[in-house]
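One-letter residues, chain by chain:
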Amino acid sequence: VTDSVAVTGVGVCSPLGQREEYWSGLLSGRSAFTAIDRFDASSFVSDRAAVIQDVDVASADVPAVTAFALTAAQEALTDAAVDVTMDGASTGVYVGTTLATRPSIEPRRGVEPAPALPTRDFALLCRPLVERFNLGGPAALIPTGCAAGNHAIGYAAHVVASGRADRMLAGGAEELSWAIVGMFSRLGALSPSTPRPFDSARDGVLMGEGAVFLLLERASSALARGARIYGLIAGYANVSDAHNMTAPHPQGRGAQYAMRRALEMSAVDAHDVDFICGHGTATRLNDVAEARAVHGVFANAGLRVPVTSIKGAVGHTLGAASAMSCVAVLLAMRDSIVPATTGCETPDPDCALNVVLEPREQVVRTAMCNAFGFGGSISSLILRRR
Amino acid sequence: VTAAVLTGAAWTVSGGIAGGWPQSSILGKEDNAEQQSALPIGTKGLRTLIVEARTFLACAAAARSRAGLDGVTRDPTEIGIVCATANAGLSAFREQLEISSGETRHVPATRGPQSGFNAPAAQAAIYLNAQGPNVTLVGGATAAAEAFWIGIAELELGAAVMIIGAVDCAPAQSEPRAAALVLERIEPRLRSTRPTRRISIHRRTEQLQHADLQHVWADVDACSFVRKVIDTLPGSEHRTVAITCIGGASEVPPVVVEPS
């Protein structure tokens, strides 16, 4: 991945709204959690989640996750001012996700569950994007859990940098799942109150849903057509913790390696990173492991560099989570303001990070976006302002 | 063009590990049992894995053995895994639904995270200590072809060994099918010490006019595609074989197999 891959379009379908509403929601410290009405969550530790209200899931003719993805992709393409329906042959799409369309077999209020998943259910997420936007380039679902959005963006950047495609839509998409909310509840990872990333009193995460897409293209092409460049994909690393399916390595071994490798690939010194959008799930183990990893890589600068997590605002959107973090980074670069970590009031001294508690005006030149998933899936992305 | 060398492979027949390369003969059930017992995981550990993860892990471990990498000291961060699948984790996902609805109890909480598609690649990384890139792609043959592209890209970016494979458990089948192969960076020493094949992938389809033989597959699953790559042994008549898949929603450049 090189500096030559630019982000020229950003599309968001989130519980806070689309791109600009999402951004103003993050800056104002809004949290989008409401009672889940899509299914019965009364037996779980919490019956609240960050749910998308302005997409009519019940009457959509595609699964909810696909409806979210189409909404976000359309916004990204419009934002980039490219009409791929006329010239989509060399535009592709990589979609990060955890469950793809699996939740469509779950029992839901007001919606008949699918009797069974079709054998090729994966096509129900990727193919509608390809068909709607006439995409002829590489297309793939990358279901690598909570790090999937970063993976999709990182590999899509490589596709563009290598010349395999001229443009790539890349991001993540996820819909709320009864099975997964229940699983987080049983694992003790669901908050009975509200997510407070990096806070002393944090007690878990709440789930969310949404989709994000970025339009990536070569910077030279973007400049030639006069496109606005939000930022450059400077480096990327995908590694495995190779430790445990659920728990992170206590010292953040894989996370440290991912951050170092991404910095190395982007030829950026750790001291030059001026913003980290962390994974910050607000679980006891994850936040400490992430903080240790940051200190392991950044040393003393780990106490200085501002760190934010968006999960107190939009919940954990699984396969879309890291792509949503990337959008926060890109918009922070655009507006020179870093959003606060919604939900965090008293930063945990065990984490010892410079957690952003109020929106902070500052120029963001180089930023890191981290994501860690079940199964030890870890990714780190470096974004740079042009 | 980017290229790597194939140094070992293994695949399932009727659920067990029954085939491998570079040994041409199909192994018997005894060898299968031997492969299973050689896994870096105890009986109790095996029980905690979903069947797709167990099968993919066994295949990946067997491929690593065939590649002569058992006992070879390597930096674990240079070893990665890419797995293509259509439905890994679906049974565990259904299990989670049954627990939530009160139909099932006594399922270990650790099985929950295996309801994702990426459980086989993740478990293989844990038990093979592969701390490098770890990717899962969903789909049929195009996902497998994409897995080759990403695997070779990761070798370009610094990985030394990439285990690439596929696993699937079709609804009508009781046992999953899997195939895995080991790709390594091209290094001169490999040619003199081990049998290898050269695997390459081109940037764009139109650049592949030079291949002596073109195999075009339509609508096959990911395992079949990986097996096709493993089984392709260029002969004197066709030294360069390009394998292309058509189907799904993707254009993937052909995987090209040549003698090393």
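Enquirer: Quick question: what am I supposed to make of the overall build of chain B here?
Expert: A tally of helices and strands in chain B yields eight helices and ten strands. In chain B, which comprises 260 residues, the proportion classed as buried is 61%. A total accessible area of about 9,500 Å² is found for chain B, and carbon and sulfur atoms account for 50% of it.

Enquirer: What exactly am I supposed to notice about the overall build of chain A here?
Expert: Along the backbone of chain A there are ten helices and 15 strands. On C-alpha atoms alone, chain A measures out to a radius of gyration of 19 Å, which is about the 21 Å that the 2.2 N^0.38 rule sets for 386 residues. Its C-alpha atoms give chain A principal-axis dimensions of roughly 55 × 50 × 40 Å. If you take every contact in chain A between residues at least 6 apart in sequence, the share linking residues at least 24 apart comes to 79%. Just so you have it, chain A exposes about 11,600 Å², and 51% of that area is on carbon and sulfur atoms. Averaging the coordinates of the 31 positive side-chain charges in chain A and doing the same for the 37 negative ones gives two points 5 Å apart.

Enquirer: I tried to follow helix α4 (residues 148–161) of chain A on my own but got confused; where do I start?
Expert: Given 3.6 residues per turn, any residue in an α-helix points the same way as the ones three and four places further on. Residues and elements named next belong to chain A. Across its 14 residues, α4 extends 20 Å between first and last C-alpha, which sits within 8% of the 20 Å expected from 1.5 Å per residue. Where burial is concerned, most of α4 is hidden: 13 out of the 14 residues are buried. Just downstream of α4, Gly163 is the residue with a positive phi angle, here 90°.

Enquirer: Which parts of the structure should I look at to understand helix α5 (residues 178–186) of chain A?
Expert: Counted residue by residue, α5 of chain A has eight buried out of nine residues, so it is predominantly covered. Residues of α5 of chain A that are buried: Trp178, Ala179, Ile180, Val181, Gly182, Met183, Phe184 and Ser185 of chain A. Along its buried surface, α5 of chain A packs onto α4 (90–100) of chain B. You can read the cap of α5 of chain A off the contacts: a side-chain oxygen lies 3.2 Å from the backbone nitrogen of Ala179 of chain A, and it is on Ser177 of chain A.

Enquirer: What is the right way to look at the packing of aromatic side chains in this model?
Expert: Two numbers describe a pair of aromatic rings. These are the distance of the centres and the angle of the planes. A full pass over the atoms with the stated rule returns three aromatic pairs over all chains. On the basis of an interplanar angle of 45° and a centroid distance of 5.5 Å, the ring pair of Phe184 of chain A and Phe374 of chain A is categorised as tilted. Here Phe374 of chain A lies in the loop between β14 (366–373) and β15 (377–384) and Phe184 of chain A lies in helix α5, a separation of 190 residues in the sequence. Ring plane angle 70° and centroid distance 6.2 Å describe the contact between Phe148 of chain B and Phe225 of chain B, whose orientation is recorded as edge-to-face. Residue Phe148 of chain B is located in helix α6 (residues 141–156), and its partner Phe225 of chain B is located in helix α8 (residues 222–231); the two are separated by 77 residues in the primary sequence. The same class applies to Phe148 of chain B and to Phe225 of chain B, which are both buried. The cationic tip of Arg102 of chain A hangs over the ring face of Phe117 of chain B; the distance from NZ or CZ to the ring centre is 3.7 Å.

Enquirer: Just to check I follow, could you spell out the interface of chain B and chain A for this structure?
Expert: How big an interface is tends to be expressed through the accessible area that disappears when the partners come together. Residue-level contacts link 57 residues of chain B with 62 residues of chain A. There are one salt bridge connecting chain B and chain A. Summed over the shared surface of chain B and chain A, the result is 13 residue pairs in polar contact (both at pLDDT 80 or more). Elements supplying a minimum of two residues to the side of chain B that touches chain A: α4, α5 (119–128), β4 (134–138) and α6 of chain B.

Enquirer: Would you explain the pattern of salt bridges in this entry?
Expert: Side-chain pairing between opposite charges can occur once the charged atoms of the two side chains come close. Following the criterion strictly, the structure yields 20 salt bridges over all chains and no others. Close ionic contact of Arg228 of chain A with Asp79 of chain A constitutes a salt bridge, the shortest N to O distance being 2.4 Å. Linking Arg228 of chain A in the loop between α6 (219–224) and β8 (231–240) with Asp79 of chain A in helix α2 (residues 64–80), this pair joins segments that are 149 residues apart in sequence. Judged by its relative accessible area of 41%, Arg228 of chain A is partly exposed. Its relative accessible area of 16% is what places Asp79 of chain A among the buried residues. Among the ionic pairs, Arg74 of chain B bridges to Glu184 of chain B, the shortest N-O distance being 3.2 Å. Of this pair, Arg74 of chain B sits in the loop between α3 (51–66) and β3 (79–85) while Glu184 of chain B sits in strand β6 (residues 177–184), and the two are 110 residues apart along the sequence. Taking relative accessible area as the criterion, Glu184 of chain B reaches 1% and is therefore assigned buried. Salt bridges sharing partners connect three or more residues here, namely Arg19, Glu20, Glu75, Asp79, Arg228, Arg334 and Asp335 of chain A.

Enquirer: Could you clarify how one ought to interpret the side chain of Thr283 of chain A in this entry?
Expert: Residues and elements named next belong to chain A. For Thr283, the position within the fold is in the loop between β9 (275–277) and α8 (284–298). Of the polar contacts made by the side chain of Thr283, one reaches the side chain of Thr281; its length is 2.9 Å. Residues contacting Thr283, with those up to four places away along its chain left out, are Ala189, Arg202, Gly204 and Val205.

Enquirer: Please explain the environment of Ala166 of chain B as it appears in this structure.
Expert: Residues and elements named next belong to chain B. Tracing the chain through its elements places Ala166 in strand β5 (residues 161–168). Sequence spacing of Ala166 and Thr12 is 154 residues, and the spatial spacing of their C-alpha atoms is 11 Å. For Ala166, the residues in contact, after removing those within four places along its chain, are Phe56, Cys83, Ala84, Arg177, Ala178, Ala179, Ala222, Cys223 and Val226.

Enquirer: Even after reading the chapter, I still don't get the confidence of the model for chain B, so can you show me in this structure?
Expert: Detailed reading of the predicted coordinates is not advisable wherever pLDDT falls low. All names here are of chain B. Of all residues in chain B, 73% attain a pLDDT of 70 or more, and the chain-wide mean is 79. Every residue in residues 24–34 scores below 50 in pLDDT, and together they form nine contacts with partners more than four places removed in sequence or on other chains. Under the prediction, the complex receives an ipTM of 0.94, its pTM being 0.93.

Enquirer: Just to check I follow, could you spell out the packing of α3 of chain B against α5 of chain B for this structure?
Expert: For any two helices packed against each other, one specifies the crossing angle of their axes together with the interaxial distance. Residues and elements named next belong to chain B. Remark: α3 packs on α5, axes separated minimally by 8 Å, with the N-to-C direction vectors making an angle of 50°. Judged on the interaxial angle alone, α5 and α3 are oblique. When you trace α3 past α5, the crossing you get is right-handed. Touching Glu52, Ala53, Phe56, Leu57, Ala60, Ala61 and Arg64 of α3 are Ala119, Pro120, Ala121, Gln123, Ala124, Tyr127 and Leu128, all from α5. Here the contact of α3 with α5 is built from residues that sort into eleven nonpolar, one polar and two charged.

Enquirer: Could you clarify how one ought to interpret the packing of helix α7 (residues 253–265) of chain A against α8 of chain A in this entry?
Expert: Residue and element names in this part refer to chain A. The N-to-C vectors of α7 and α8 enclose an angle of 40°; their axes lie 8 Å apart at closest approach. Here α7 lies oblique to α8, going by the angle between them. Handedness of the crossing formed by α7 with α8: right-handed. Across the interface between the two elements, Ala255, Gln256, Met259, Arg260 and Leu263 of α7 pack against Arg292, Ala293, Val294, Gly296, Val297 and Phe298 of α8. Of the residues assigned to the contact of α7 with α8, the class counts are seven nonpolar, two polar and two charged.

Enquirer: Please explain the pairing of β3 of chain B as it appears in this structure.
Expert: When a strand is regular, its side chains alternate between the sheet's two faces. Residue and element names in this part refer to chain B. For β3, a buried count of seven out of seven residues is recorded, marking the element as mostly surrounded by other parts of the structure. Side chains Ile79, Ile81, Cys83 and Thr85 project from β3 onto one buried face, and the interleaved Gly80, Val82 and Ala84 project onto a second face that is buried too. Judged from the six bridges that link them, β3 and β5 form a sheet pairing that is parallel. For Val82, the partnering residue across the bridge sits in β5 and is Ile164. Strand direction decides the pairing type here: β3 and β4, joined by five bridges, are parallel. When the bridges of β4 are listed, Val82 appears paired with Val135.

The rules we used
- Residues numbered from 1 in each chain as written.
- Chains lettered and ligands numbered in written order.
- Predicted model: local features only at pLDDT ≥ 70, side-chain atom pairs only at ≥ 80, totals over all residues.
- Heavy atoms only, no water.
- Helix = DSSP H or I, 4+ residues; strand = E, 2+ residues; numbered from the N terminus.
- Buried < 20%, exposed > 50% of the residue type's maximum accessible area, 1.4 Å probe, protein only.
- Areas by Shrake-Rupley, 256 points an atom, 1.4 Å probe, with all protein chains shown as cover.
- Rg over C-alpha atoms; globule rule 2.2 N^0.38 Å.
- Contact = heavy atoms within 4.5 Å.
- Lys, Arg positive; Asp, Glu negative; His and termini not counted.
- Charge placed at Lys NZ, Arg CZ, Asp CG, Glu CD.
- Expected span 1.5 Å × (residues − 1).
- Polar contact = N/O pair within 3.5 Å; in protein donor to acceptor, adjacent residues only side chain to side chain.
- Phe/Tyr/Trp six-rings, centres within 6.5 Å; stacked < 30°, edge-to-face > 60°.
- Lys NZ or Arg CZ within 6 Å of the ring centre and 35° of its normal.
- Salt bridge = Lys/Arg side-chain N within 4 Å of Asp/Glu carboxyl O.
- pLDDT = per-residue confidence, 0-100.
- Axes fitted to C-alpha atoms, helices over the stretch in contact; angles between N-to-C directions.
- Parallel < 35°, antiparallel > 145°, perpendicular 65-115°, else oblique.
- Left-handed = near helix turned anticlockwise from the far one by under 90°.
- Nonpolar A, V, L, I, M, F, W, Y, C, P; charged D, E, K, R; others polar.
- Pairing = 2+ DSSP bridges.

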